[in-house]
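A closer look at the structure
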Amino acid sequence: MNPQAIAHHLDDEIIWDFVCHKLEFGENLIVRTHISLCAECAKTLAVFEAAGGELLNDINGIEMNDDALDLALARIELKDVEIPKAKPSKSEAFGFDLPATLSGIEIKNRHFLGPNVWIAPIEEGKNKSQTYLLWIKGGQDILPHTHTKREMTLVLSGGFKDGDNSYNAGDFVVCDDSISHAPIMLADEDCLCLVYQDGPIKPQTILGHLLKPFARI
Ligand SMILES: [Zn+2]
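Residues numbered from 1 in each chain as written. Predicted model: local features only at pLDDT ≥ 70, side-chain atom pairs only at ≥ 80, totals over all residues.

**Concerning helix H1 (residues 12-19)**
The cut-off we apply is this: We call a residue exposed when 12 or fewer other C-beta atoms sit within 10 Å of its C-beta, buried when the count reaches 20 or more, and partly exposed for counts in between; the C-beta positions come from the backbone. Only DSSP runs of H or I reaching four residues or more are called helices, and only runs of E reaching two or more are called strands; each is numbered from the N terminus. The directions from the helix axis to the C-beta atoms are what the arc is built from.
Looking only at H1, the buried set comprises Ile 14, Ile 15 and Phe 18. Within H1, the buried residues cover an arc of 100° as seen down the axis, which keeps them to one side. Backbone geometry just after H1 places His 21 at a positive phi near 55°.

In structure tokens form, the structure reads like this:
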């Protein structure tokens, strides 16, 4: 994977929620994985983490005002920020090399939802899985759909087109109920994504649409 090719990044709010430990397991995994592949978001994270430390130093029990973060960021951005390099892949599943952030993560058996699609839930301890590897064969299209809640997708291999946008390995996209779309997988390469869905799977969602005929998921 070429980190330079990443075109779709985490937004600042998600990175800040990551710094503040506000993300669910699957969201956290996706954000960590994108950051491990993306020098640009790694740099933003480093700035935010430093800002968080500055804020803690500054607060001293005083209630934080709205300017505190901006002031801290303004100071931090003057400093050199070391950009971590993308880590090599270490893990493997179903024939794909996976980013190092997924090594040690338990991936359950995959379920084929037809010849061109499978999902493999990611173990989340006592919680019901909301995080999946999703594989779609190259050239397969997805029927138009919307999302009921927030759904995060990180492309790990292959890619897809959605309207005028193309998403390739390393790209991150978040969808919600304001978005209606019909992604088309790139023709020449199978697509593997890491997907997190906020809340139970609903028929209207991309995963729900795919899973509808399969009661066991
Ligand atoms: Zn990024």
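So, next bit.
**Some words on unusual backbone geometry**
The backbone of His 21 sits at a positive phi, close to 55°, despite the residue not being glycine. Locating His 21 in the fold gives a position in the loop between H1 and helix H2 (25-37). Within the chain, Phe 94 stands out as a residue other than glycine whose phi angle is a positive 55°. Note on Phe 94: 13 C-beta atoms within 10 Å, which makes it partly exposed.

**Re the sheet that holds strand E3 (residues 111-112)**
Note the cut-off: Strand pairing requires that DSSP identify at least two bridges connecting the strands.
Strands sit in the order E3-E4-E5-E13-E7-E10 across an open sheet of six strands; the sheet is antiparallel. Each end of this open sheet is capped by a strand with a single partner; those strands are E3 and strand E10 (172-175). Strand direction decides the pairing type here: E3 and strand E4 (residues 117-121), joined by two bridges, are antiparallel. Within the sheet, the bridge partner assigned to Phe 112 lies in E4 and is Trp 118.

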